[in-house]
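Topology and contacts: notes
Okay, here's what each chain looks like letter by letter:
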Amino acid sequence: LEGPKRGRSALPLPSGHMDFAITAPAVVLSKEFGRASDFVRVGSEQKRSHCASHCSVAHFSVAVITTSICWRARRAASTRHSVRTCRARLFSFSGLGGQSGANPKVVAKSAHVSDQNEVGIGMRVFGISDIHTDWAENLARLEGLPVGPFLSDALLVAGDVSHDEAIFARTMRALCARFAEVFFVPGNHDLWVGGRGMPMNSLQKHAWLLKCCVDLGIRTAPVRFPREGLVIVPLLSWYHAEFDREPDIPDGAWPRALARRQRRFALLGDEVGCSWPEELGVDRQQRNFALAELFDAANDQPVAAADFAAPSASEQGTEPETLSFEEALAARQRGETVISFSHFLPQPELLPEKRFLFLPQLAKAAGSIPLQNRVERLQPALHLFGHTHFAWDQELPPGGGTRFLQAPLGSPREWRTRRRTMHLEGGLPALLWRGHAANCPMPAQRAAVWSSYYAAKSRQPLSSEVGPWIQMAGAFSRRKGAGLSPRSRLAGPSAVGSAEEGIDEIASAELDVASAPASATLWLVWNIDRTTGHLQRSVLSRQERARALTFKSVEARRRFIWMRSALRCLLGEQLGIPPEALHFDIGPFGKPSLRGPSAAARRCTFSVSHSGSLGGILICSANPEVGAKAALPVGLDLERHRVRPFASLARRFFLSSESNSLRDVASDGESPAGREIAELQAFFEMWTKKEAWLKALGVGLNSAGPGLKGLDCSTLGEGTHASFSFLVSGERSDEVRPYFVRPLLEVPSGYSAAVALPHGTSLQIESLSAIGWPHLRRNR
């Protein structure tokens, strides 16, 4: 049996343009891929003059001539087997991962696919992007997908698999063993070759990727599935700066630390990792626009009928059919469902506004106008994209347009440091098509932080109000100087967490947080002095709404509503309980706690603090995997800096060592203003640590016991160890519970904060602002 060639073999070569031919020798790739230069060589170059005095960029095109690799297998029965069955059996003979011998899981796949084709069960379609299997964790996750549930389904991989040829091949083999059909378009990371001077440039790497997909039976061209009434259209693309049509944010709106970082990262990774032929020129902007046009023109490459095996009479009208783009467009016009996918963005509105990005220059390296025009012409029901690592699911234009979806896997560190903006409801890979037999083949729209926000709010590209996390850049710069790990365990003085990736370059080792006895998340709630809305007031209990009316100050009433509604929503999300169904008990010193005894009250503890326009909610959950049965109390204090009678307060509430430390700081400054600032910062650092410890204990300032006198905070800039026996699950434990109390640097300038957590607890810091509220209240 001769299977079809499933991918594009050449980029188009319009007349009147510069020719740069790349040929590939007729060799069959071995199971273990060596250097790509062993399989791809640069052919002769023949340049033609191109006269265009009005255009400064040299137009070009590339023709990639690859050899046809056919699958040949002996027929095992008198009936003709499907191409998918033969491909699965080929894998069963060669083995996966370079091992010889049959793979029983893949043999089972062959029979399973054949049986499902006979009974006519529909094919589901899944999608994922940016899987980055250079990370061992990501590769293990994909190879951990079960062999069985997806044997009659298709998977769309929207680019960025790996820059390493061997890892790329291993990853795609693993996916082919689990899915009946695998589709792929290259991403920018896939084209990295290590910079200039390498044996292969990025265009040659692109040719190698397409040829590798042909060899593995991975589809890179449009395919029609007649049984489903479905057409899947992969679209090649590249980014260019002209895609960004929104104004830049004024320089004065950015903190200095972030502005310096943006200048340092003006040279993006592709400029270092990719290598392009000299014929493209040296100007980055012009070269990227020419690449965008080139890759888009490749989508119009005609498909030669001779390259494909003709189906038998019994299979005509039922087997997958490879199409050209025009044929796919005609199928959509006939009423068939079209799902397209690309690596880069086909709409500028699929990226957060620049004022919300740590690296606003991402907007100039995100998408393509030729891709946008092509998708608008195709009008697919759904378009999958990748590249930006922001989960997304939005219909543009609303109420009848194309549904745009991003389902990124990203890097392990991103999942630890900004998991909410990476998370797409429903998990990965994302289900895009349920099958023709389903009552509603297209799944319901999924929730994601950014697409939920823009579904409720319109874009304001002219606004200079940057995101609250942008304002914290100076604080993160201080944390970087302290050498603190982005996410680690509170096991000693050097452990604290970060809020977002992309704002530090710390390469310190990360500890295994899965073995921590508990995990804590500190939510910074922004702008709590602004007017509240229905989303906030609707979750409050009748008693809480009545209490809000007792506040004489409008600002105090707003802070109460914001903080209590945020607490209910976050606890409800953590525990899987409707926010309105939560009930609280108030301790003798005003500390709220979940009403117990209940499983929820035992699994989760929290602490709340607010000052000025900023609030904080610290939520701690026990880790049952390490034997923790109940979460221990935690403490948080947050204070806005303001002038206070520091000396008198220190004499009343501080230990003598702390008062002496405060006095030494106040006398060491070079100027009166410097001494006042130093004294203010030192006082609030010690004060917040003491308050956080008292909140963990559940006592007040004037309470008897080990509160104020049991914690020495005289050493500034470091954490303090403490211990106490708490009431857990209604019984007093004889075991002494060690705690660690330390200041936090992840707060804006003008604030101090501290946490008191059980020793060994992992800490994650998140933000809740106007961006996150629509997602948090998505089901209400």
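In the block above lies the structure referred to throughout.
Residues numbered from 1 in each chain as written. Predicted model: local features only at pLDDT ≥ 70, side-chain atom pairs only at ≥ 80, totals over all residues. Heavy atoms only, no water.

1. Quick look at the overall build of the protein chain
Put simply, the rule reads: Only DSSP runs of H or I covering at least 4 residues are called helices, and only runs of E covering at least 2 are called strands; the numbering of each starts at the N terminus. Per-residue accessibility, obtained with a 1.4 Å probe over protein chains only, is compared with the maximum for each type, and a residue is labelled buried under 20%, exposed over 50%, and partly exposed between these values. Residues are treated as being in contact if the distance between any of their heavy atoms lies within 4.5 Å. All accessible areas in this document rest on Shrake-Rupley with a 1.4 Å probe, and a residue is counted as covered only by the protein chains that are shown.
Across its full length, the protein chain carries 23 helices and 26 strands. Of all 780 residues assigned to the protein chain, the portion counted as buried reaches 56%. By sequence separation, contacts in the protein chain at least 24 residues apart represent 75% of the contacts at least 6 residues apart. Of the roughly 32,800 Å² of accessible surface on the protein chain, 53% is carried by carbon and sulfur atoms.

2. Description of empty space enclosed by the protein
Note the cut-off: Of the grid points, spaced at 1 Å and generated over the protein atoms alone, those admitting a 1.4 Å probe that cannot get out make up cavities, while open sets with protein on both sides within 12 Å along at least five of seven lines make up pockets; any residue with an atom within 4 Å of a point is treated as lining. Grid points are joined across faces, edges and corners, and a volume is the space filled by probe spheres set on the points. Each residue gets one label: Ala, Val, Leu, Ile, Met, Phe, Trp, Tyr, Cys and Pro are nonpolar, Asp, Glu, Lys and Arg are charged, and the others, such as Gly, are polar.
Scanning the model with the defined rule gives 5 cavities of 30 Å³ or more in all. Here the second largest cavity is characterised by a volume of approximately 90 Å³. The wall of the second largest cavity is formed by Phe243, Asp244, Arg245, Glu246, Pro348, Leu351, Pro352, Glu353, Lys354, Ala363 and Arg459. Counted by class, the lining of the second largest cavity contains 5 nonpolar, no polar and 6 charged residues.

3. Section: the packing of aromatic side chains
Rules: Pairing of aromatic rings covers Phe, Tyr and Trp, the last counted by its six-membered ring, and requires centre-to-centre distances within 6.5 Å; plane angles under 30 degrees mean stacked, over 60 mean edge-to-face, and any other angle means tilted. Distance and angle both matter: a charge sits over a ring if NZ of Lys or CZ of Arg is within 6 Å of the ring centre and within 35 degrees of the ring normal.
Going through the model one piece at a time under the given rule, you end up with 31 aromatic pairs. Judged by centre distance (5.2 Å) and plane angle (85 degrees), the rings of Phe126 and Phe150 are edge-to-face. Residue Phe126 is located in strand S4 (residues 125-128), and its partner Phe150 is located in the loop between helix H3 (136-143) and strand S5 (154-157); the two are separated by 24 residues in the primary sequence. Here the two residues Phe126 and Phe150 agree in accessibility, since each one is buried. Between Phe126 and Phe179 the ring centres are 6.3 Å apart and the planes differ by 65 degrees, which places this aromatic pair in the edge-to-face class. Taken as a pair, Phe126 in strand S4 and Phe179 in the loop between helix H4 (165-176) and strand S6 (181-184) lie far apart in primary sequence, 53 residues in all. Both residues of the pair, Phe126 and Phe179, belong to the buried class. Among the aromatic residues, those joined into a ring-pair cluster are Phe356, Phe390, Trp392, Trp450, Tyr453, Tyr454 and Trp469. Geometry around Tyr454 places Arg459 over its ring, the cationic atom sitting 5.0 Å from the centre.

4. Considering the nonpolar core
Note the cut-off: We define a nonpolar core as any set of buried Ala, Val, Leu, Ile, Met, Phe, Trp, Tyr and Cys residues linked to one another through side-chain atoms lying within 4.5 Å.
Within the largest apolar cluster, 97 residues are counted, with the highest numbers of intra-cluster contacts made by Val125, Leu156, Val157, Phe168, Met172, Trp238 and Trp450. Top element by residues in this core is helix H5 (residues 202-216). It accounts for 6 residues. Residues Phe646, Phe654, Trp687 and Val741 belong to the second largest nonpolar core, which totals 24 residues.

5. Notes on the environment of Leu757
Among the secondary structure elements, Leu757 is positioned in strand S25 (residues 751-758). Leu757 gets classed as buried once you look at its relative accessible area, which sits at 0%. A sequence separation of 137 residues divides Leu757 from Cys620, and the C-alpha atoms of the two residues are 8.5 Å apart.

6. Section: the sheet that holds strand S14 (residues 430-433)
Applicable threshold: The criterion for strand pairing is that DSSP finds at least two bridges linking the strands in question. Working convention: axes come from line fits to C-alpha atoms, limited for helices to the stretch in contact. Angles between N-to-C directions cover 0 to 180 degrees.
Taken together, 4 strands build an open sheet; the order of strands is S6-S5-S4-S14 and the sheet is mixed. For this open sheet the edge positions go to S6 and S14, each flanked by a neighbour on one side alone. Each strand axis lies, on average, 25 degrees off the axis of its neighbour in the sheet, ignoring direction. In terms of strand pairing, S4 meets S5 through 4 bridges, oriented parallel. Counterpart to Ile128 in the pairing with S5 is Val157. Against the sheet, H4 touches S5 and S6, its axis set at about 145 degrees to S6.

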